[in-house]
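Observations on the three-dimensional arrangement
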Amino acid sequence: MTALKPGVNGQGLSATLPDHVRYSIEGVSKVYAGRQVLQIDRMDIRRGEILALVGPSGAGKSTLLRMLNFLEPPSAGRIRYGDFEYGPNGEAPLATRRQVTTVSQRPVLLNRAVQANVHFGLHLRGQRKAARQVDAALQQVGLAHLARQQARTLSGGEAQRVALARAMVLQPAVLLLDEPTANLDPYNVGLIEQIVRTLNREQGMTLVLVTHNIFQAHRLAHRVGFMLDGRLVEVADTQTFFEAPVDPRTAAFVRGDMVY
Amino acid sequence: MFSTLIGVPVGAALGLTRFMGRKLLVAFMYTGMGFPPVVIGLFVYLMLSRSGPLGQLNSPLIPALFTPGAMIIAQTIIAFPLVAGFTMAAVMSVDPQLRQQVQSLGATTWQTAWTVITEARIGVIVAVIAGFGGIISEVGAVMLVGGNIEGRTRVLTTAIVLETRKGNFELAIALGLILLGITFVINALMLRLQGKAIDT
């Protein structure tokens, strides 16, 4: 266990995370080319919650998601996940990394059939035959009829739903969503939000949703965090966040007054 | 063959990674792509000849001059930069976002690299075709290091040169047609592979 700067969390150190905590982010910062893009002193992500992260572009939201997916270690501090500690130059064991997956704003599908795309993650895990799971996932996103079609022929909304299906089929413990519905029409937005709710309710999946859209955060999330200039300004239950935010900047953002 | 075995991985590595000296290597490779094959033939000749640095070793692992082994070495050196260069370009043209998304779906480093290469498959096949085209049509280097010995190191291109010099134009033309035929058939097979790659 790496030594932690005293005073970072004030509660003392415990070797294992409490059951209801999925991630514990402790004194994490990220520096690119000498410029600090992220600095979070303390944040927990709870098991089985939908946490929305809102804030303007460049607030460090996507950087945080890459760290939560264990694709990019923090420059300082640590992220705890189960028994695993992700620190500077850290590398997550494959089994841990495979519990988390991301759906991005701009999905890049493989130049293969739709069903091959959905099967892909299972294939990486050595599951050669998974027609049933693939089918079920496509059914869930309402695209079963396109299973044999080439992925490159899909529309933006369809491609995003395939991207969601290929993540879902892995039944990850945590699903990270990076602006999943930006650029989509209302029909597809509604569909994707419904799937997100179902995953959370029926499978108890933990979801972290990065979005520009505060209305979407309001509709989906249990808790909302507001990020600005690489810092977490405030995180609160959705109702509190929208109705009685503590920080004046959060209040301005929620009102739509924030100029950035 | 050998160029493919070495060239595709090296090209992919150059396309996928960033390291110190990468630019220099790429510059060398581009130079190699435009290198006159006959100069490479000369180089291999000098290395392998009895008084050359490798010929002197008399090692059983190093083929002697005027053998098929020597020709394979020359051809490999000629085709390698072509295969590696085109593979690199193909791999680099794959959407960089794809790598991260593939990793996020739980791919290991090797699985990620392999996925990017298969996504670049059309370009990789072009690389192999370019390498093949470079060596099937090659005359100067194979003549230098192979010696054009009948039944041993005479290949279609060198036979054509010889028959033309002897005035046997009919035979030379016939050999030329055979060479064209072989090239066409092999390219057609690779295109079929490419077509399959696109469809599946």
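Bear in mind the structure is a predicted one, so any value in this text is a computation, not a measurement.

Residue and element names in this part refer to chain A. Scanning all chains against the criterion turns up 9 aromatic pairs over all chains. Taking the centre distance of 5.5 Å and the plane angle of 80° together, the rings of phenylalanine 70 and phenylalanine 84 count as edge-to-face. Here phenylalanine 84 lies in strand S5 (residues 84–86) and phenylalanine 70 lies in the loop between helix H1 (61–68) and strand S4 (76–81), a separation of 14 residues in the sequence. Considered together, phenylalanine 70 and phenylalanine 84 belong to a single accessibility category, that of buried residues. The interplanar angle of 40° and the centroid separation of 5.9 Å between the aromatic rings of phenylalanine 84 and tyrosine 86 together place this pair among those described as tilted. For phenylalanine 84, a relative accessible area of 15% translates into the label buried.

Overall, the predicted model of chain A reaches an average pLDDT of 90, with 93% of residues at or above 70. Across residues 1–12 of chain A, where pLDDT falls below 50, the model places 16 contacts with residues more than four positions away in sequence or in other chains.

Another point: the environment of histidine 212 of chain A. Residues and elements named next belong to chain A. In this structure, histidine 212 sits in the loop between strand S8 (206–211) and helix H7 (214–220). Along the primary structure histidine 212 and methionine 168 are separated by 44 residues, whereas in three dimensions their C-alpha atoms are 23 Å apart. Setting aside residues up to four positions removed in sequence, histidine 212 forms contacts with Gly55, Pro56, Ser57, Lys61 and Glu179. A polar contact is formed between the side chain of histidine 212 and the side chain of serine 57, at a distance of 3.1 Å.

Turning next to the packing of helix H3 (residues 37–48) of chain B against helix H4 (residues 68–92) of chain B. All names here are of chain B. Packing of H3 against H4 brings their axes to within 9 Å, and their N-to-C directions diverge by 135°. Between H3 and H4, the crossing angle belongs to the class labelled oblique. Here H3 runs over H4; the crossing is right-handed. Along its contact with H3, which presents Pro37, Ile40, Val44 and Leu48, the element H4 presents Ala70, Ile73, Ala74, Ile77 and Ile78. Among the residues forming the contact of H3 with H4, the class breakdown is 9 nonpolar, no polar and no charged.

For the rest of this paragraph, the subject is the interface of chain B and chain A. When the parts come together, some accessible area is lost, and that loss is often what is quoted as the size of the interface. Each side of the interface is counted separately: chain B has 20 residues, and chain A has 26 residues. Summing both sides of the interface, chain B and chain A together bury roughly 1900 Å²; the carbon and sulfur share of this comes to 47%. Of all residues in chain B, Gln101, Ser104 and Leu105 of chain B give up the largest surface area on contact with chain A, accounting jointly for 34% of the area buried on that side. Connecting chain B to chain A are 2 salt bridges. Across the pair glutamate 119 of chain B and arginine 112 of chain A runs a salt bridge, and its minimum N-O distance is 3.9 Å. Residue assignment for the side of chain B that touches chain A shows that the elements contributing at least two residues are helix H5 (96–104), helix H6 (109–119) and helix H10 (169–199) of chain B. Ranked by the residues each element gives to the side of chain B that touches chain A, the list is headed by H5 of chain B, at 7 residues. Here the side of chain B that touches chain A is composed, by residue class, of 5 nonpolar, 11 polar and 4 charged.

About the criteria used
Residues numbered from 1 in each chain as written. Chains lettered and ligands numbered in written order. Predicted model: local features only at pLDDT ≥ 70, side-chain atom pairs only at ≥ 80, totals over all residues. Heavy atoms only, no water. Phe/Tyr/Trp six-rings, centres within 6.5 Å; stacked < 30°, edge-to-face > 60°. Helix = DSSP H or I, 4+ residues; strand = E, 2+ residues; numbered from the N terminus. Buried < 20%, exposed > 50% of the residue type's maximum accessible area, 1.4 Å probe, protein only. pLDDT = per-residue confidence, 0-100. Contact = heavy atoms within 4.5 Å. Polar contact = N/O pair within 3.5 Å; in protein donor to acceptor, adjacent residues only side chain to side chain. Axes fitted to C-alpha atoms, helices over the stretch in contact; angles between N-to-C directions. Parallel < 35°, antiparallel > 145°, perpendicular 65-115°, else oblique. Left-handed = near helix turned anticlockwise from the far one by under 90°. Nonpolar A, V, L, I, M, F, W, Y, C, P; charged D, E, K, R; others polar. Buried area = accessible area lost by both parts, 1.4 Å probe. Salt bridge = Lys/Arg side-chain N within 4 Å of Asp/Glu carboxyl O.

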